[in-house]
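Chain and residue survey
Read off the chains here:
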Amino acid sequence: MNNRQKPRPEGLSIHRSASLFKAGCAIALALYLGGCSIEHRRSLPYDAWSLNFFNPDYMEVWIETADVVDINDHVFRGAGSGIPSTGYPRGLSKGIPAVFKGDAKGWFEDPTGKGRYVTGADLPRLVYVRWQSMAEPQTYGAYIEIPESARDTMLKGEKAYCGAVGKWKTDYRKFLTIGLAPGGIAKVWLGGPCLKATEVTRVQGKIHPKGPYGGTSNGKHRPLSEESKAYIDKFGIPYGSW
């Protein structure tokens with residue numbers, strides 16, 4: 001995940017309040033319906049799709065929760081949480097390196113992220129994610145509406161050469177990958193085991209009014225690693241590059 005695109009300037013994509021109200025109502029309705037037992041036919045040509053997350057180098061994140069509403073208004077709470085994938089710092093690295101090998105600017109070229117399959121879900125309609133941006137620190141929440149065009153793409157088989165098995169096969173875009181960056185930016189890609197990720201949408205999240213851990217930590221966020229803190233002290237946070 002070290003190859004990356006050259007960052008391009010992007011203006012903040014601000015959701016209109018009406019759109020957020022609509023999304024919030026959808027979550028509330030879906031939470032109500034989620035308590036009911038509703039039989040339905042799942043439309044997937046595969047067992048399940050995967051919800052994955054990552055953050056830019058050194059811009060560490062802690063996901064408090066990620067909840068999914070599918071096209072049948074079934075809710076899957078806690079579909080994601082914890083530490084997403086990143087390039088740097090490495091998992092076992094300690095201390096401050098003499099040279100920083102990562103670059104926080106821009107997104108990875110072909111992000112895959114880390115996460116798990118949302119078992120039992122149909123195609124995604126809405127994803128809500130609340131996360132701590134430890135680099136700032138700040139806590140954000142974002143409603144991410146998945147476009148119908150993206151769901152259509154998730155159903156289409158594509159011929160692709162799969163290096164893992166050394167042959168061509170029909171693959172599906174069943175990896176929904178979300179990048180989380182400082183400033184409350186959430187960007188979405190669709191990819192597959194043998195398919196390069198393509199961009200879907202970009203959302204501007206909002207500061208969560210209760211702060212980290214739903215207001216139970218007296219405003220204290222998870223601590224930033226020593227390496228990431230040193231990188232930010234030296235280079236700053238590249239707002240505007242995501």
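Residues numbered from 1 in each chain as written. Predicted model: local features only at pLDDT ≥ 70, side-chain atom pairs only at ≥ 80, totals over all residues. Heavy atoms only, no water.

**Points about helix 2 (residues 148–155)**
Listed as buried for helix 2 are Ala150, Arg151 and Met154. Summarising the axial view, the buried residues of helix 2 lie within an arc of 100 degrees, below the 170-degree limit, and thus occupy one face. Pointing more than 90 degrees away from the buried face of helix 2 are the exposed residues Glu148 and Ser149. Contacts made by the buried residues of helix 2 are with strand 5 (124–133), strand 10 (185–192) and strand 11 (195–204). (Buried < 20%, exposed > 50% of the residue type's maximum accessible area, 1.4 Å probe, protein only. Helix = DSSP H or I, 4+ residues; strand = E, 2+ residues; numbered from the N terminus. Arc of directions from axis to C-beta. Contact = heavy atoms within 4.5 Å.)

**Re the state of the cysteines**
By the definition in use, this model includes one disulfide. One disulfide bridge connects Cys162 with Cys194, the sulfur atoms lying 2.0 Å from each other. Between Cys162 and Cys194, the S-S torsion sits near -55 degrees, and that sign places the bridge as left-handed. Of this pair, Cys162 sits in strand 7 (residues 158–162) while Cys194 sits in the loop between strand 10 and strand 11, and the two are 32 residues apart along the sequence. The exposure class of Cys194 is buried, given its relative accessible area of 15%. (Disulfide = S-S within 2.5 Å.)

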